[in-house]
Amino acid sequence: MATKDRERSDVTTRKGLITGINAINGPVVKGSGMAEANVMELVYVSDERLAGEIINIDGDIATIQVYEDTTGLGPGVPIYRTGRPLSVELGPGLIGNVLDGIARPLNLIREKQGVFIGRGVQAETIDRSKKWTFAPQVKVGDAVVPGQVLGTIPETPILEHRIVVPQGVSGKISSIVPEGEYTVTEHVAEIETENGSETVTMLKEWPVRRTHPLQKRMKPSVPLITGQRVIDALFPLAKGGAAAIPGGFGAGKTVLQHQLASWSDADVIIYIGCGERGNEMTDVLNEFPKLKDPRSGRPLMERTILIANTSNMPVTARESSIYTGVTIGEYFRDMGYHVALMADSTSRWAEAVREIAGRLEEMPVEEGFPAYLPARLAEFYERAGYGEVGPERYGSITIIGAVSPPGGDFTEPVTQNTKRFIRTFWALDKRLAFARHFPAISWIDTYSEYIDEMAKWWKEEKKVDWRSLRQRMLSVLSRENELQKIVQIIGPDALPSDQRLILHVASLIKEGFLQQNAMDDIDRYSTPEKEFRMLDLIAKYEDRAEKLVQGGLPIYRIQEMKVNIKLLTMKQEVADDKLEELDAIEQEMNQEFDELEKSLVTSDEKKG
Amino acid sequence: MNGRRIHLGVARVSGPLVFVKGTENVSYGEIAEVVTSFGEVRRGRVLIIDGDTVAIQVFEGTSDFSSADTKVRFSGHSLTVKVSEEMLGRVFDGTGRPLDGAPPPISGEERDINGAAINPVSRVYPKNFIQTGISAIDGMNTLIRGQKVPIFSSSGLPHNRLAAQIVRQATIPGEESEFVIVFVAMGVKHDDAAYFEETFRESGALENVVMFLNLADDPSIERTITPRVALTVAEYLAFDRDKHVLVVMTDMTNYCEALREVATARGDVPTRKGYPGYLYSDLASLYERTGRVIGSEGSITQIPIVSMPNNDITHPVPDLTGYITEGQIVLDPKLHRQGIYPPIAVLPSLSRLMKDGIGEGFTREDHPNVANQLYGSYARVQQIRNIASIIGEEELSEVDKKYLKFGDFFEKHFLNQGDENRTIDETLDLGWKALELLPVEELSRLKKAQIEKYYKKGANDATP
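Note that the structure is a prediction, hence the values are computed from the model and not measured.

J.: Describe the overall build of chain A, naming the residues involved and giving the relevant values.
T.: Of regular secondary structure, chain A possesses 17 helices and 26 strands. Relative to the 2.2 N^0.38 estimate, which gives 25 Å for 608 residues, the radius of gyration of chain A is 28 Å and therefore close to what a compact globule would have. Seen through its principal axes, chain A has C-alpha atoms that stretch 105 × 60 × 40 Å. Per-residue burial over chain A gives 61% buried out of 608 residues. Put simply, of all contacts in chain A between residues at least 6 apart along the chain, 71% involve residues at least 24 apart. Across chain A, 73 positive and 90 negative side-chain charges occur, with their mean positions spaced 1 Å apart.

J.: An account of the side chain of Ser135 of chain B is requested, with residue identities and associated values reported.
T.: All names here are of chain B. Relative to the helices and strands, Ser135 resides in helix 1 (residues 135-138). Ser135 gets classed as buried once you look at its relative accessible area, which sits at 0%. Only 2.6 Å separates the side chain of Ser135 from the side chain of Arg422, close enough to count as a polar contact. Here Ser135 is in contact with Met140, Phe414, Gln417, Arg422 and Thr427, once residues within four sequence places are set aside.

J.: Residues and numbers for the sheet that holds strand 15 (residues 187-193) of chain A, please.
T.: Residue and element names in this part refer to chain A. Taken in spatial order, the four strands of this open sheet run 10-13-15-16, and their pairing is antiparallel. Where the open sheet ends on each side, the last strands, each with one partner, are strand 10 (143-144) and strand 16 (196-201). As paired elements, strand 13 (residues 171-176) and strand 15 share four bridges and run antiparallel to each other. Residue pairing across strands places Lys172 opposite Glu192, the latter belonging to strand 15.

J.: Residue-level account of the interface of chain A and chain B, with values.
T.: In this complex, chain A contributes 70 residues to the contact, which on the side of chain B involves 72 residues. Taking both partners together, chain A and chain B bury about 5600 Å²; carbon and sulfur atoms supply 56% of that area. On inspection of chain A and its partner chain B, the count reaches one salt bridge. Between Lys355 of chain B and Asp283 of chain A there is a salt bridge whose closest N-O contact spans 3.0 Å. Between chain A and chain B we count 26 residue pairs in polar contact (both at pLDDT 80 or more) in total.

J.: Account for a nonpolar patch on the surface, with residues named and values stated.
T.: Residues Ile486, Ile489 and Ile490 of chain A together with Ile390 of chain B make up a contiguous nonpolar surface patch of about 350 Å² in total accessible area. Per-element accounting of the nonpolar patch gives the leading share, three residues, to helix 12 (residues 466-490) of chain A. Within the fold, Ile390 of chain B resides in helix 9 (residues 367-391).

J.: Describe the packing of aromatic side chains, with residues and values.
T.: Considering all chains together, one arrives at 24 aromatic pairs over all chains under this definition. Each ring, one from Phe92 of chain B and one from Phe212 of chain B, has its centre 5.5 Å from the other, and the planes form 25°; the classification is stacked. With Phe92 of chain B in strand 9 (residues 91-93) and Phe212 of chain B in strand 16 (residues 209-215), this residue pair connects regions lying 120 residues apart in the sequence. By the burial criterion, Phe92 of chain B is buried, and Phe212 of chain B matches it. Taking 6.2 Å as the distance between ring centres and 40° as the angle between the ring planes, the aromatic pair formed by Phe196 of chain B and Phe200 of chain B counts as tilted. With a gap of four residues between them, Phe196 of chain B and Phe200 of chain B both fall in helix 3 (residues 190-202), about one helical turn apart. The exposure class assigned to Phe200 of chain B is buried, which follows from its relative accessible area of 1%. An aromatic cluster is built from Trp457, Trp458, Trp466 and Phe532 of chain A, whose rings are joined through pairwise contacts. The aromatic ring of Tyr280 of chain B is capped on one face by Arg348 of chain A, whose charged end is 3.8 Å from the ring centroid.

J.: Break down the environment of Arg42 of chain B for me, citing the residues and quoting the values.
T.: Residue and element names in this part refer to chain B. Here Arg42 is to be found in strand 5 (residues 41-50). Note on Arg42: relative accessible area 4%, which makes it buried. Note: C-alpha distance between Arg42 and Gly61 (19 residues apart in sequence) is 8.3 Å. Among all residues touching Arg42, those that are not within four sequence positions of it are Ala32, Glu33, Val34, Thr36, Val58, Glu60, Gly61, Thr62, Ser63, Asp64 and Phe65. A polar contact is formed between the side chain of Arg42 and the side chain of Glu40, at a distance of 3.1 Å.

Conventions and cut-offs
Residues numbered from 1 in each chain as written. Chains lettered and ligands numbered in written order. Predicted model: local features only at pLDDT ≥ 70, side-chain atom pairs only at ≥ 80, totals over all residues. Heavy atoms only, no water. Helix = DSSP H or I, 4+ residues; strand = E, 2+ residues; numbered from the N terminus. Rg over C-alpha atoms; globule rule 2.2 N^0.38 Å. Buried < 20%, exposed > 50% of the residue type's maximum accessible area, 1.4 Å probe, protein only. Contact = heavy atoms within 4.5 Å. Lys, Arg positive; Asp, Glu negative; His and termini not counted. Charge placed at Lys NZ, Arg CZ, Asp CG, Glu CD. Polar contact = N/O pair within 3.5 Å; in protein donor to acceptor, adjacent residues only side chain to side chain. Pairing = 2+ DSSP bridges. Buried area = accessible area lost by both parts, 1.4 Å probe. Salt bridge = Lys/Arg side-chain N within 4 Å of Asp/Glu carboxyl O. Patch = residues over 30% accessible without salt bridge, like charges linked within 9 Å, V, L, I, M, F, W, Y side chains within 5 Å. Areas by Shrake-Rupley, 256 points an atom, 1.4 Å probe, with all protein chains shown as cover. Phe/Tyr/Trp six-rings, centres within 6.5 Å; stacked < 30°, edge-to-face > 60°. Lys NZ or Arg CZ within 6 Å of the ring centre and 35° of its normal.

Following this line, the structure appears as structure tokens:
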């Protein structure tokens with residue numbers, strides 16, 4: 001396939017298939033003499049070689065979206081065809097890199113152009129001159145199948161880059177290079193197949209808009225552990241699943257995305273800053289080299305790829321940025337890695353789609369969005385998945401998309417259509433954010449459809465009944481939500497004691513468990529074990545308190561218990577590796593309850 | 001440019017757009033001069049090219065155009081502005097022509113007003129705290145040098161007074177360098193522009209101010225370029241001349257309305273409230289021209305003023321602004337009616353860059369937690385007030401009554417400060433004074449050591 005593409009592009013250059021612009025409207029230009037061109041073909045516009053992509057053909061007029069500013073172009077300016085689709089280069093050197101929406105390394109652009117991004121910079125994603133240590137994993141004569149590892153490269157101390165047999169290729173190894181230093185364009189292996197021989201280099205080129213399917217899709221069954229308590233313990237996401245984070249501005253979408261990118265137990269993180277703030281990307285660039293991966297203790301940047309197409313960069317490249325990101329994700333997935341991809345924000349991507357549709361004078365449907373918005377969203381989210389990528393090897397892509405609904409209104413088209421294609425919905429609530437309750441994930445509007453699979457995982461891996469504990473906590477929170485409506489009218493003191501106890505326990509859950517401080521060294525990450533123990537402790541607290549209140553103990557005695565503050569602060573006081581301290585808290589709690597029980601009995605005796 | 005033809009007659013005039021047929025060698029974004037039937041020269045920009053037909057957006061309006069007599073001359077270049085330090089102390093119109101009677105600056109280089117996007121890897125993350133002397137900002141929504149924070153306001157609220165006060169009082173504690181002000185007026189009233197000029201003069205800062213004035217009765221389409229001209233100058237002063245630039249832009253809603261006017265004339269697909277779908281990208285192309293970059297000592301801090309029609313924060317202009325800027329300062333009509341100045345609604349206000357610019361080594365070690373606690377406690381006050389309005393204050397628990405006291409003190413003393421200029425220490429001490437009205441058990445967001453150090457410090461000092 002790849003070889004064919006290359007040939008075709010050579011032919012076009014030889015023939016010099018050059019055409020000219022005849023109309024311009026913002027980032028959209030029209031070129032004539034394009035009868036031979038293909039939709040989705042990559043073209044270069046003007047002698048500055050601005051990258052563009054054909055999105056429509058009408059007779060011999062092609063409509064092209066240009067990935068850079070079109071100021072200064074005019075009729076007659078040449079358009080150069082390539083005969084190839086818009087693609088991304090893949091190979092060692094991606095990790096730790098910062099790319100723009102069409103996969104140009106931003107550091108390289110800076111070297112060439114300075115502080116600002118000018119036009120027409122040619123910057124290859126993968127460095128051709130750098131040498132990598134390639135260690136073969138097969139020998140001549142070995143039979144190989146798709147997805148099998150041919151050789152490995154230590155790309156970073158925590159990530160081994162694997163060169164695998166391409167999809168659809170199987171046969172015998174006819175040659176393989178010995179361990180040594182090679183550039184990405186050198187041949188490292190040759191496979192003898194039924195249809196001739198296939199040479200393998202470390203450099204690949206994949207079209208970004210085409211899904212690269214899993215060899216065998218499987219049901220997501222393992223949670224993506226994020227260290228965020230409200231997520232892992234109440235509304236989990238499976239590896240290979242898809243989630244959305246909708247929230248108005250100031251609700252904390254970006255901070256949450258940063259937390260997920262920092263602490264998720266994925267092997268590779270792809271973070272797409274899609275139409276967002278420049279300073280936020282700088283923040284990630286500053287923080288990630290300093291933050292340590294909780295599992296390996298190495299800087300997070302050693303497993304992260306950033307794609308930064310900020311709000312002021314070309315809107316067309318914003319549209320392509322999520323495809324660039326997910327294609328890179330598929331590449332690492334096929335090596336047998338678990339990839340987590342964060343897109344912040346998919347609304348900005350949808351707006352880019354809308355803007356281009358508007359320039360094409362397409363019929364708008366809802367809020368100006370084109371009719372194909374849901375189809376595009378589905379295509380993107382369906383590229384998430386868990387499955388087999390080679391013999392006995394599994395990989396996944398988990399997609400987490402932030403959604404920025406205008407006015408914080410979740411009924412708008414992007415939020416509504418996204419909901420159809422994801423299974424975990426973390427709804428951010430502005431009111432929680434105003435009260436500085438972070439993460440501001442509403443426990444009322446949020447849902448996860450992975451509960452059955454995750455319950456199985458907790459049972460098998462952690463040997464605990466997570467499902468009932470979760471259900472119990474959620475029912476306390478939902479009853480509290482109902483009671484709050486009454487409290488608004490009559491005040492809390494007018495409620496009966498058992499209901500006031502629910503309010504009290506709910507506030508322990510909210511402040512002591514759900515609120516999580518991203519700035520606190522201990523609080524910002526919790527293991528599943530700690531999360532379960534914390535909730536279990538709160539459940540035990542409720543059991544004993546309930547009995548006492550039923551027995552006639554005034555509620556204020558429960559509210560004034562000394563152990564309350566311990567339950568509220570265990571999230572930041574008890575480190576993940578010192579969970580025995582929770583035993584001490586439990587003991588203290590039981591003692592205090594014993595004393596309350598005694599006092600209740602004595603007062604009963606007195607009465608009697 | 002040789003070979004630049006003069007086109008006599010235009011094919012069609014539609015709102016701010018004129019269509020010219022039979023053009024050659026026109027480029028997208030190019031500046032054109034349009035001469036009216038009466039010989040008046042106006043400027044415009046090429047907005048659409050379709051074969052040999054070109055649509056030009058005319059900045060000064062299309063009155064007095066006729067299809068037969070109007071002449072169009074293409075300049076061969078995009079819109080530029082001449083930038084130099086000579087511009088300081090000067091007043092220009094919305095397209096960069098002098099308004100103060102003096103000749104245009106002689107020296108300087110021509111720069112494209114659209115600028116270019118700052119490469120995200122060339123940015124320096126903003127961290128230096130700007131002391132505005134206003135407690136609600138310094139204490140709880142700290143402004144950082146290189147940040148963009150809009151003021152969300154509505155008619156009748158003192159946003160101009162607040163912006164002027166920030167401009168007057170802004171300092172970096174411990175640094176000598178002063179701010180240079182770029183003031184951008186888009187469709188504002190003569191009185192408002194005069195108010196700002198007066199303020200700058202009074203504070204003796206006039207020679208450090210560049211003003212770009214497009215007033216309410218100036219051509220509205222001109223507003224679409226005014227902020228671009230101004231920001232090009234700001235970028236020059238900050239990144240070429242290493243100055244700290246504070247850009248005040250008012251009023252963004254007028255700017256967006258002008259943009260909508262052009263979009264409607266062009267037939268763009270309307271989205272919410274008729275604004276074009278690219279409003280977000282367009283606003284971002286202004287707001288993102290803020291920050292600090294590697295290799296320069298200077299910075300650009302932006303304070304755009306956004307008036308919210310109907311005081312509706314979900315209106316597209318404040319909504320999209322909030323998605324781009326690094327926080328917002330929201331003014332509240334209710335506080336204003338109570339005579340509180342500045343009437344800043346702290347709960348919906350936010351500073352996204354605050355987390356890295358406050359605390360130990362920046363302001364004071366207790367700052368993050370005090371801010372957090374003030375937020376939490378004041379949010380609780382709102383809930384209790386709601387309950388109290390139904391069941392009556394007498395029915396509230398003792399603790400809740402203390403919250404109400406705290407809320408009153410917070411609004412009357414912490415928020416309400418008039419023209420006082422407070423240091424960050426004064427602000428934080430006042431914050432503690434408010435928190436002292438609450439029982440210590442309620443202060444769960446403060447650290448034990450901080451409570452020991454600051455809580456009831458004032459009271460202890462007073463007792464012999």
